[in-house]
Amino acid sequence: MESMGKKKPRPRRSFKAEMVELCRRGDRSVGQIAKDFDLTETAVRLWVSQAEVDAGERDGLTSSEREELAALRRENRRLREDVEVLKRATAFFAKETR
């Protein structure tokens, strides 16, 4: 009897995904949805555009590709810094051995 009156938990969806779904339904314009939820229209349009890319409806980098690219850029930056440190160490020890 304890479970009576309790709502079944709904699957968690991201806020962005819900906003995109509202826009796709077409009941309200992107501008109206942005206004109703106190968001910028530009942000909502970007979310809709990214959702279209992720769904294969539009050309561009998918969210997973963007994440991978960001990770690769971070790794590349770290490796360049490592190389710079090694160059400085090599120059330092080269002076010491003269």
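To be clear, the structure that these remarks concern was listed above.
Residues numbered from 1 in each chain as written. Predicted model: local features only at pLDDT ≥ 70, side-chain atom pairs only at ≥ 80, totals over all residues. Heavy atoms only, no water.

### Quick look at the layout of surface pockets
To find the voids left in a structure, one rolls a probe of water-molecule size over its atoms. Convention followed: In this analysis a 1.4 Å probe is tested at points of a 1 Å grid over the protein atoms alone, and where it fits but cannot get out there is a cavity; an open set with protein on both sides within 12 Å along at least five of seven lines is a pocket; lining residues have an atom within 4 Å of a point. Grid points are joined across faces, edges and corners, and a volume is the space filled by probe spheres set on the points. Helix numbers and strand numbers start at the N terminus; a helix is a DSSP run of H or I with at least 4 residues, a strand a run of E with at least 2. Residues are sorted three ways: Asp, Glu, Lys and Arg are charged, Ala, Val, Leu, Ile, Met, Phe, Trp, Tyr, Cys and Pro are nonpolar, and all the rest, Gly among them, are polar.
Considered as a void within the structure, the largest pocket measures approximately 170 Å³ in volume. For the lining of the largest pocket, the secondary-structure elements that each account for two or more residues are helix H1 (15-25), helix H3 (41-54) and helix H4 (63-96). In terms of residues, the lining of the largest pocket owes the most to one element, H3, which gives four residues. Per-class residue counts for the lining of the largest pocket are three nonpolar, two polar and three charged.

### What to know about the pattern of salt bridges
We apply this condition: Within this document, salt bridges are pairs made up of a side-chain nitrogen of Lys or Arg and a carboxyl oxygen of Asp or Glu, the two lying within 4 Å of each other. Each residue gets one of three labels from its accessible area relative to the maximum for its type: buried under 20%, exposed over 50%, partly exposed in between, using a 1.4 Å probe on protein chains only.
Scanning the entire structure with this criterion turns up six salt bridges. The partner of Glu57 in a salt bridge is Arg24, and the shortest N-O contact between them spans 3.5 Å. With a gap of 33 residues between them, Glu57 in the loop between H3 and H4 and Arg24 in helix H1 connect regions that are remote in the sequence. Assessed through its relative accessible area of 53%, Glu57 is described here as exposed. Of the residues examined, Arg24 reaches a relative accessible area of 40% and is grouped as partly exposed.

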